[in-house]
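Okay, here's what each chain looks like letter by letter:
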Amino acid sequence: MIQNELLSKIKNGGQAELGLIYEEYRLEFIQWIMKEYHCSIDDSKDIYQVTILIFYDNVRQGKLERLVSSVKTYLYGIGKNIALETIRKQNKNTPIDQEKWFKEFLIDETEITLEEDKAQAVKNALLKLGEPCRQLIELFYYERKTMEDIATQLDYKNAETAKNQKCKCMARLRKIVEREFTKLTTAISHEQQ
Amino acid sequence: MNNSEYDIRLIEKFVDNEISEEELTIVNKRLLTDTDFKLLYLQEKTIIEGIRLQGLQKDLLYLKDIEKSISAKKQTPNRFRWYYAAAASLICALGVWVYQSTSQSPEKLYLAYFKPYVSIEATTRSNINPTERTVAFQAYEQGDYKLAATLFKSLLAENKEPGILLLLGNANLMLDNTTEAKNNFITLYTEFDDYDIQAKWYLGLCYLKSGDVEKARTIWKELGETEISYAIKAKELLKKVD
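How each quantity is defined
- Position numbers for residues start from 1 in each chain and track the written sequence from start to end.
- To label them, take the chains in the order written and letter them from A, then take the ligands in the order written and number them from 1.
- Restriction of local features to residues with pLDDT of at least 70 applies here, the model being predicted, together with a cutoff of 80 or more for giving and counting side-chain atom pairs; totals for whole chains, interfaces and linings are based on all residues.
- Side-chain descriptors were evaluated using all non-hydrogen atoms of the structure, hydrogens and water having been removed beforehand.
- By definition, a salt bridge exists where a carboxyl oxygen of Asp or Glu is found within 4 Å of a side-chain nitrogen of Lys or Arg.
- Runs of E in the DSSP output that reach at least two residues are strands. Runs of H or I that reach at least four are helices, and both are numbered from the N terminus.
- Throughout, exposure labels follow a simple rule: accessible area from a 1.4 Å probe, protein chains only, divided by the maximum for the residue type, with under 20% read as buried, over 50% as exposed, and the rest as partly exposed.
- Two rings from Phe, Tyr or Trp (for Trp, the six-membered ring) form a pair when their centres sit within 6.5 Å of each other. Planes less than 30 degrees apart are called stacked, planes more than 60 degrees apart edge-to-face, and all others tilted.
- By the criterion adopted, a ring carries a charge over it if an Arg CZ or a Lys NZ lies within 6 Å of its centre and within 35 degrees of its normal.
- Points on a 1 Å grid over protein atoms alone make up a cavity when a 1.4 Å probe fits among them but cannot get out, and a pocket when they form an open set with protein on both sides within 12 Å along at least five of seven lines; lining residues each have an atom within 4 Å of a point.
- Grid points are joined across faces, edges and corners, and a volume is the space filled by probe spheres set on the points.
- Residues are grouped as follows: Ala, Val, Leu, Ile, Met, Phe, Trp, Tyr, Cys and Pro are nonpolar; Asp, Glu, Lys and Arg are charged; all remaining types, including Gly, are polar.

1. Focus on the pattern of salt bridges
- In this structure the tally under the stated criterion is 26 salt bridges over all chains.
- Where Glu-18 of chain B meets Lys-163 of chain A, a salt bridge forms, and the shortest distance between an N and an O atom there is 3.6 Å. One end of the pair, Glu-18 of chain B, is in the loop between helix H1 (3-15) and helix H2 (21-33); the other, Lys-163 of chain A, is in helix H9 (residues 159-192), on a second chain.
- When its relative accessible area of 32% is taken as the criterion, Glu-18 of chain B is described as partly exposed.
- We classify Lys-163 of chain A as partly exposed; its relative accessible area is 24%.
- Where Asp-34 of chain B meets Arg-30 of chain B, a salt bridge forms, and the shortest distance between an N and an O atom there is 2.9 Å.
- Each of Lys-166 and Arg-174 of chain A together with Arg-9, Glu-12, Asp-16 and Glu-44 of chain B takes part in one network of salt bridges that share partners.

Here it is, written out as structure tokens:
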């Protein structure tokens with residue numbers, strides 16, 4: 001696949017494209033990480049999954065408009081860091097903590113440390129938010145779709161309508177999150193008593 | 001719009017990159033001086049980070065499902081594991097015999113080195129009401145390669161078993177269907193993990209049979225670098241075609 005074609009596939013695509021890219025580099029990457037860093041097959045697969053998702057997210061967030069090297073080199077660069085850190089910090093018998101890697105990656109991006117309980121509170125709030133708000137918000141903040149794309153996908157009249165809807169959904173989400181955070185604070189204070 | 005709503009809207013525009021120059025100056029200043037404003041901003045970032053973490057977790061589950069399906073596709077039933085041992089002993093016996101061969105032409109080398117892969121599955125099964133599978137293995141064992149090939153194809157259409165694909169390739173070689181055999185071994189080598197060495201060995205023989213010595217040589221070079229029984233034979237063949 002041509003590099004730019006691949007970047008555009010990621011930007012415009014969804015999970016199906018993610019699956020295709022995952023399979024495209026899978027075998028070579030896993031063999032490389034096993035050979036180079038003596039990782040087990042399971043650890044190598046875990047590292048590959050985190051690597052692909054970080055790469056995918058970087059493209060979608062617009063951090064990778066153009067590749068100065070090949071996709072393979074880029075993936076190997078991410079994978080190398082994860083493998084080295086894993087070797088340095090973790091016991092060989094401990095599985096790779098994939099969530100920890102996602103959190104570290106997100107901290108680099110947002111400079112905010114997302115605590116475990118707060119992450120869970122947002123997760124609960126998203127579930128309570130319901131459809132189509134949850135999908136709209138995920139499309140905008142996670143998949144980084146444009147308002148035009150969201151309007152098409154969710155059948156809104158136009159981008160402006162989608163944008164207004166997104167603002168309303170975020171307002172509702174903030175309220176639910178606040179309630180979840182309050183519950184959290186109450187629970188903590190009960191535990192401390 | 002009250003102050004709080006105005007502040008939230010301002011922060012939302014800021015994190016969504018929709019802010020004007022003038023508003024940006026206000027936000028940057030208030031983030032440094034206004035504690036409540038800063039808290040609102042941090043809460044907004046926390047929510048967005050939570051949304052993104054949730055997205056990554058969802059996609060991770062999706063990749064894990066893909067991985068499971070890839071691994072399941074490549075899983076080989078245990079009953080085929082013995083093939084490795086059978087192959088190794090066959091190749092050792094074949095080696096002694098071939099070592100005495102002095103012929104150098106591709107066709108003669110092929111005849112000297114090719115022996116169909118041994119299957120003993122049929123002999124371990126009951127002959128009362130034999131299944132299609134039993135008949136296929138019996139046919140292969142008894143040298144009825146035409147029937148065996150037909151039945152193997154039918155079995156493969158139901159379930160892609162690498163062990164059967166290996167035997168189908170051998171049956172095709174015996175029937176002089178070299179191109180089809182070649183395709184069987186390429187599929188075996190590219191889509192499955194369990195018979196890579198055997199697939200390469202027989203694929204090399206397919207190339208030799210069809211006179212494509214260069215391709216055969218490339219494969220034997222790879223096999224010659226391994227530390228398995230096929231390596232010795234591959235090195236021998238390399239010398240003989242050079």
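2. Quick word on the packing of aromatic side chains
- Scanning the model with the defined rule gives 16 aromatic pairs over all chains in all.
- Plain terms: the ring middles of Phe-29 of chain A and Tyr-48 of chain A are 4.9 Å apart, the flat faces sit at 40° to each other, and that makes the pair tilted. In this pair, Phe-29 of chain A is assigned in helix H2 (residues 15-37) and Tyr-48 of chain A in helix H3 (residues 41-60), connecting sequence segments 19 residues apart. Like Tyr-48 of chain A, Phe-29 of chain A is buried.
- Measuring from ring centre to ring centre gives 5.5 Å for Tyr-140 of chain B and Tyr-145 of chain B, while their planes differ by 85°; the resulting arrangement is edge-to-face. Neither residue differs from the other here; Tyr-140 of chain B and Tyr-145 of chain B are each classed as buried.
- An aromatic cluster is defined as three or more aromatic residues linked by ring pairs; in this entry it consists of Tyr-22, Phe-29, Trp-32, Tyr-37, Tyr-48 and Tyr-76 of chain A.
- Positioned above the aromatic ring of Tyr-142 of chain A is the side chain of Arg-60 of chain A, whose terminal nitrogen or guanidinium carbon lies 4.6 Å from the ring centre.

3. Thoughts on empty space enclosed by the protein
All names here are of chain A.
- Tallying each qualifying case throughout the model produces one cavity of 30 Å³ or more.
- Here the largest cavity defines a volume of roughly 40 Å³.
- Those elements that place two or more of their residues in the lining of the largest cavity are H2 and H3.
- Looking at side-chain class alone, the lining of the largest cavity contains two nonpolar, two polar and three charged residues.

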